[in-house]
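Chain residues, written in single-letter form:
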Amino acid sequence: MTATFVAPRPAALTGRVVAPDLARGVLLLFIAIANAPFYLWGQASGMVSAHPPGASGADLVVQTISLFAIDGRSYPMFAFLFGYGIWQLYRRQAEAGVDQHTARRLLRRRHLWMIAFGALHAALLWMGDVIGAYGLAGLVIVAIFLDRRDFILKLCAGILLGLVALNAIAASVGAAMVAAFVPPETLDLGEFDIRFAQAEPSYLISMALRFGMWLAVTGLQLFAFIIPIAILIALVAARAGVLEEPEKHLPLLRRTAVGGIAIAWGFGAIVALQNAGVFGIPSFYDWAFAGFNSIAGLCGALGYVAVFGLIAARVRTRPPGLVRGALEALGKRSLSGYLAQSVVFAPLMSAWGLGLGAQLSSWTIALIAVATWLVTVVLAAVLERAGKRGPAEWALRRLAYPRRPSS
């Protein structure tokens, strides 16, 4: 008797888990604010930050808030939600009767297409694309870890986190040695700007610059280990159904929210004070803070997700109101919402477009980031009312899911 082939199918727009969609909807605001400074190509940037140095007034306030609570916290949070979605998709296919091999092949196709989407996004608009990095991490983790025991996932996440910590310690020690033995006058490297692609007036040349930067950064994000760690932790959490039934995991969610956010905001305050020049440490040494800040960012990402789990525990059985419904609608269309930010920012800010990035400052571009996010919230709510997916979600499903059963 031959087994019946069951083709994988995408999830419906209704009956979804509240916490991940709500988190993604709000997180897109964080991402817009975090990415906005990378378009200020008319000013110098720090060595490890896109924020223009020497800010004051409203600009310094915006930079402080961003460094304190947003920068470095957004992309590991999205990585966690991406990893959580991997297991949701895998489990959903198994419950529908799809065999394991077919489900894994679906994930592989999906992640390969994410890399393709990321490459196109980078070449056309935004060198800081993370879609490709998530797709690459998903390929590796699905191939190696998807069916491993929780103990193995936790052990590997712990080992990778230990390597990140060792690197952070090494950076701090290295900075101390440089301070002790290198004359301060030799540390002035002049103005440095990581926004070279946005400052390029030729669109074709800017494409080459963006794509080259994306190729380098995508691999670095995988081997920086924060994204893989977040995904491994997410797989463990998804298996336990932490966000599907958050009321059963309240102690864990509370501990994670309080502890994770305390660590993230505590170290974020140190980075923000350094940015404001309070410590009197030359900005050349900012790289000494980067390793520990990435760990703090991971902790903050987990803390933020836990907060949305706690919110979901209170509201998930209630019908969504206007605001919650709109945020969840954007969360369901997070890929489209993320790409829409680049569609607005790149031609508006870049030198090859209208070039406004050379005229704005930290606080003015942050306002545009918030306004852009609000527009995507409204558009997502309109699509939700019409029962339509976002264009990027529609395209990814069209490409990743098979049209007909394999023979």
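Computed from a predicted structure; not experimentally measured.

Colleague: Pulling in residues and values, what's your account of the overall build of the protein chain?
Modeller: In terms of helices and strands, the protein chain carries 14 helices and zero strands. Going residue by residue from the N terminus, the α and β elements of the protein chain occur as α-α-α-α-α-α-α-α-α-α-α-α-α-α. Scaling as 2.2 N^0.38, a compact globule of 407 residues should have a C-alpha radius of gyration of about 22 Å, and the protein chain matches this with 22 Å. Taking the principal axes of the C-alpha coordinates as reference, the protein chain spans close to 80 × 45 × 40 Å.

Colleague: Lay out empty space enclosed by the protein with the relevant residues and their values.
Modeller: Scanning the entire structure with this criterion turns up two cavities of 30 Å³ or more. Reported here for the largest cavity is a volume of approximately 80 Å³. Lining the largest cavity are Ala32, Asn35, Ala36, Tyr39, Trp126, Tyr338, Gln341, Ser342 and Phe345. Taken together, the elements giving at least two residues each to the lining of the largest cavity come down to α1 (18-35) and α12 (334-349). Ranked by residue count, the leading element in the lining of the largest cavity is α12, at four residues. Class assignment of the residues belonging to the lining of the largest cavity gives a composition of six nonpolar, three polar and no charged. As a volume, the second largest cavity reaches approximately 50 Å³. Taken together, Ile33, Ala36, Pro37, His51, Val62, Gln63, Ser66, Ser362, Ile365 and Ala366 form the lining of the second largest cavity.

Colleague: How would you explain the pattern of salt bridges if you had to name every residue and give the values?
Modeller: By the definition in use, this model includes ten salt bridges. The shortest N-O distance in the salt bridge between glutamate 247 and arginine 316 comes to 2.6 Å. Remark: arginine 316 occurs in the loop between α10 (287-315) and α11 (322-332) and glutamate 247 occurs in the loop between α8 (226-239) and α9 (250-275); sequence separation between them is 69 residues. Assessed through its relative accessible area of 31%, arginine 316 is described here as partly exposed. We note a salt bridge from glutamate 384 to arginine 333, for which the minimum N-O separation is 2.9 Å. One end of the pair, glutamate 384, is in helix α13 (residues 362-386); the other, arginine 333, is in the loop between α11 and α12, and 51 residues separate them in sequence. One salt-bridge network, in which partners are shared between bridges, spans Arg16, Asp21 and Arg24.

Colleague: An account of α13 is requested, with residue identities and associated values reported.
Modeller: For an α-helix, 3.6 residues make a turn, and residues three or four places apart therefore share a direction. An ideal rise of 1.5 Å per residue puts 36 Å on 25 residues; α13 measures up with 37 Å between its terminal C-alpha atoms. Those residues of α13 that fall on the buried side of the exposure criterion are Ser362, Thr364, Ile365, Ala366, Ala369, Thr372, Trp373, Thr376, Val377 and Ala380. Glycine 387 sits one or two residues past α13 and shows a positive phi near 70°.

Colleague: Help me get a handle on the packing of aromatic side chains, residues and values and all.
Modeller: Any aromatic ring pair is given by two values, namely how distant the centres are and how the planes are angled relative to each other. Counted under the stated rule, the structure contains 13 aromatic pairs. Here phenylalanine 284 and tyrosine 285 contribute two aromatic rings whose centre-to-centre distance is 5.2 Å and whose plane-to-plane angle is 90°, an arrangement assigned as edge-to-face. For the pair formed by phenylalanine 284 and tyrosine 285, the shared burial category is buried. Residue placement shows arginine 239 over the ring face of tryptophan 87; its charged tip is 4.6 Å from the ring centre.

Colleague: If you had to explain a nonpolar patch on the surface to someone new, which residues and values would you point to?
Modeller: Together, Phe151, Leu155, Ile159, Leu163, Leu166, Ile169, Val173, Met177 and Phe181 make up an exposed nonpolar region whose accessible area comes to about 920 Å². Mapped onto the fold, leucine 163 is located in helix α6 (residues 150-181).

Colleague: Give me the lowdown on the packing of α1 against α12, citing residues and values where you can.
Modeller: Between α1 and α12, the shortest axis-to-axis distance is 10 Å and the interhelical angle comes to 20°. Our classification of the angle between α1 and α12 gives roughly parallel. Helix-helix and strand crossings are classified by hand; for α1 and α12 the assignment is right-handed. Seen from α1, the contacting residues are Arg24, Leu28, Ile31, Ala32 and Asn35; seen from α12, they are Ser334, Gly337, Tyr338 and Gln341. Split into classes, the residues belonging to the contact of α1 with α12 amount to four nonpolar, four polar and one charged.

Colleague: With reference to specific residues and values, describe the nonpolar core.
Modeller: Residues Met77 and Phe80 are the most contacted members of the largest nonpolar core, which totals 98 residues. The element contributing the most residues to this core is α1, with 13 residues. In contact with phenylalanine 80, not counting residues within four places along its chain, are Ala230, Ile233, Ala234, Ala237, Leu243, Leu302 and Val305. Of all hydrophobic cores here, the second largest spans six residues; its members include Val271, Ala272, Phe289 and Ala296.

Colleague: Could you give an account of the environment of phenylalanine 78, naming the residues involved and the relevant values?
Modeller: Note on placement: phenylalanine 78 falls in helix α3 (residues 74-95). Of the residues examined, phenylalanine 78 reaches a relative accessible area of 11% and is grouped as buried. For phenylalanine 78, the residues in contact, after removing those within four places along its chain, are Arg24, Leu27, Leu28, Ile31, Tyr134 and Ser334.

Colleague: Please provide a residue-by-residue account of the side chain of serine 294, values included.
Modeller: Its location among the elements puts serine 294 in helix α10. Classification of serine 294 as buried rests on a relative accessible area of 19%. Not counting residues within four places of it along the chain, the set of residues in contact with serine 294 comprises Val164 and Ile226.

Calculation notes
- Residues numbered from 1 in each chain as written.
- Predicted model: local features only at pLDDT ≥ 70, side-chain atom pairs only at ≥ 80, totals over all residues.
- Heavy atoms only, no water.
- Helix = DSSP H or I, 4+ residues; strand = E, 2+ residues; numbered from the N terminus.
- Rg over C-alpha atoms; globule rule 2.2 N^0.38 Å.
- 1 Å grid on protein atoms, 1.4 Å probe; cavity = no way out; pocket = protein on both sides within 12 Å on 5 of 7 lines; lining within 4 Å.
- Points joined across faces, edges and corners; volume = space filled by probe spheres on them.
- Nonpolar A, V, L, I, M, F, W, Y, C, P; charged D, E, K, R; others polar.
- Salt bridge = Lys/Arg side-chain N within 4 Å of Asp/Glu carboxyl O.
- Buried < 20%, exposed > 50% of the residue type's maximum accessible area, 1.4 Å probe, protein only.
- Expected span 1.5 Å × (residues − 1).
- Phe/Tyr/Trp six-rings, centres within 6.5 Å; stacked < 30°, edge-to-face > 60°.
- Lys NZ or Arg CZ within 6 Å of the ring centre and 35° of its normal.
- Patch = residues over 30% accessible without salt bridge, like charges linked within 9 Å, V, L, I, M, F, W, Y side chains within 5 Å.
- Areas by Shrake-Rupley, 256 points an atom, 1.4 Å probe, with all protein chains shown as cover.
- Axes fitted to C-alpha atoms, helices over the stretch in contact; angles between N-to-C directions.
- Parallel < 35°, antiparallel > 145°, perpendicular 65-115°, else oblique.
- Left-handed = near helix turned anticlockwise from the far one by under 90°.
- Contact = heavy atoms within 4.5 Å.
- Core = buried A, V, L, I, M, F, W, Y, C linked by side-chain atoms within 4.5 Å.

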